[in-house]
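Topology and contacts: notes
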Amino acid sequence: MGILVVAMNAPTLAVAIPSLYTLAPPASLPLGFAVHVFHGAVFGLVFAGAVGALDIGDRTRLVGIGVGWGVVTWAVFAALVMPLWLSAVGSPASPPFPNFAPPSLLWHVVYGAVLGVVYSALE
């Protein structure tokens, strides 16, 4: 996911993500990448807890649920929570509310698919 974000819209990682914690400006791609990986890890743990509790073992189903989880994280956190949060902290990268950006949906679907594959491989 991070590679896609950097390739398609690096300011999202360099300014918007660190701005959530008032760590930008100045822009910092490494810092934004680190913060975003942390978010991905936390949401990945939530995913693992949920599918583990439901005892889902089918790999194809896990990948599909991972994609669904990516869509949920996009719709709730990227499209709704992030614009409000960035506005609240006065970020120069505050997008409009709501921010249902198609590129961001693609990034989160890729995140969810990779999450489902990795979880099923490690389970």
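Computed from a predicted model, the values in this text were never measured in an experiment. (Residues numbered from 1 in each chain as written. Predicted model: local features only at pLDDT ≥ 70, side-chain atom pairs only at ≥ 80, totals over all residues. Heavy atoms only, no water.)

A few words now on the packing of helix α1 (residues 2-19) against helix α4 (residues 102-122). Following both chains from N to C, one finds α1 and α4 inclined at 130°, their axes separated by 11 Å at the closest point. Between α1 and α4, the angle falls in the class oblique. Between α1 and α4 lies a crossing whose hand is left-handed. For the pair formed by α1 and α4, the contact residues are Leu-4, Val-5, Met-8, Asn-9 and Thr-12 on the first element and Pro-103, Leu-106, Trp-107 and Val-110 on the second. For the contact of α1 with α4, the class distribution of residues is seven nonpolar, two polar and no charged. (Axes fitted to C-alpha atoms, helices over the stretch in contact; angles between N-to-C directions. Helix = DSSP H or I, 4+ residues; strand = E, 2+ residues; numbered from the N terminus. Parallel < 35°, antiparallel > 145°, perpendicular 65-115°, else oblique. Left-handed = near helix turned anticlockwise from the far one by under 90°. Contact = heavy atoms within 4.5 Å. Nonpolar A, V, L, I, M, F, W, Y, C, P; charged D, E, K, R; others polar.)

On to a nonpolar patch on the surface. Judged by side-chain polarity, Tyr-21, Leu-23, Val-72, Val-76, Phe-77, Leu-80, Val-81, Leu-84, Trp-85, Val-89, Phe-97 and Phe-100 come together as a nonpolar surface patch covering roughly 960 Å² of accessible area. Mapped onto the elements, Val-81 comes out in helix α3 (residues 59-88). (Patch = residues over 30% accessible without salt bridge, like charges linked within 9 Å, V, L, I, M, F, W, Y side chains within 5 Å. Areas by Shrake-Rupley, 256 points an atom, 1.4 Å probe, with all protein chains shown as cover. Salt bridge = Lys/Arg side-chain N within 4 Å of Asp/Glu carboxyl O.)

With that out of the way, let us pick up the side chain of Thr-12. Take Thr-12: it is sitting in helix α1. Setting aside anything within four residues of it in sequence, one finds Thr-12 in contact with Val-5, Ile-17 and Trp-107.

In this structure, the amide linkage connecting Pro-25 to the following residue, Pro-26, adopts the cis form with an omega of 5°. Position of Pro-26 relative to the elements: it lies in the loop between α1 and α2 (29-53). The phi torsion at Thr-22 lies on the positive side, around 55°, for a residue other than glycine. By secondary structure assignment, the location of Thr-22 is in the loop between α1 and α2.

Glancing now at the layout of surface pockets. Empty space among the atoms becomes visible once a probe the size of a water molecule is rolled across them. Its volume calculated, the largest pocket comes out at about 710 Å³. As for the largest pocket, its lining consists of 34 residues, and the residues nearest its centre are Met-1, Ile-17, His-36, Met-82 and His-108. Listed by contribution, the elements that provide at least two residues to the lining of the largest pocket are α1, α2, α3 and α4. Residue contributions to the lining of the largest pocket peak at eight residues, all from α1. A class-by-class count of the residues in the lining of the largest pocket yields 24 nonpolar, 10 polar and no charged. Looking at the second largest pocket, its volume works out to about 160 Å³. Along its surface, the second largest pocket is lined by Met-1, Gly-2, Gly-40, Ala-41, Gly-44, Leu-45, Tyr-111, Val-114, Leu-115 and Val-118. Sorting the residues of the lining of the second largest pocket by element identifies α2 and α4 as the ones contributing at least two each. (1 Å grid on protein atoms, 1.4 Å probe; cavity = no way out; pocket = protein on both sides within 12 Å on 5 of 7 lines; lining within 4 Å. Points joined across faces, edges and corners; volume = space filled by probe spheres on them.)

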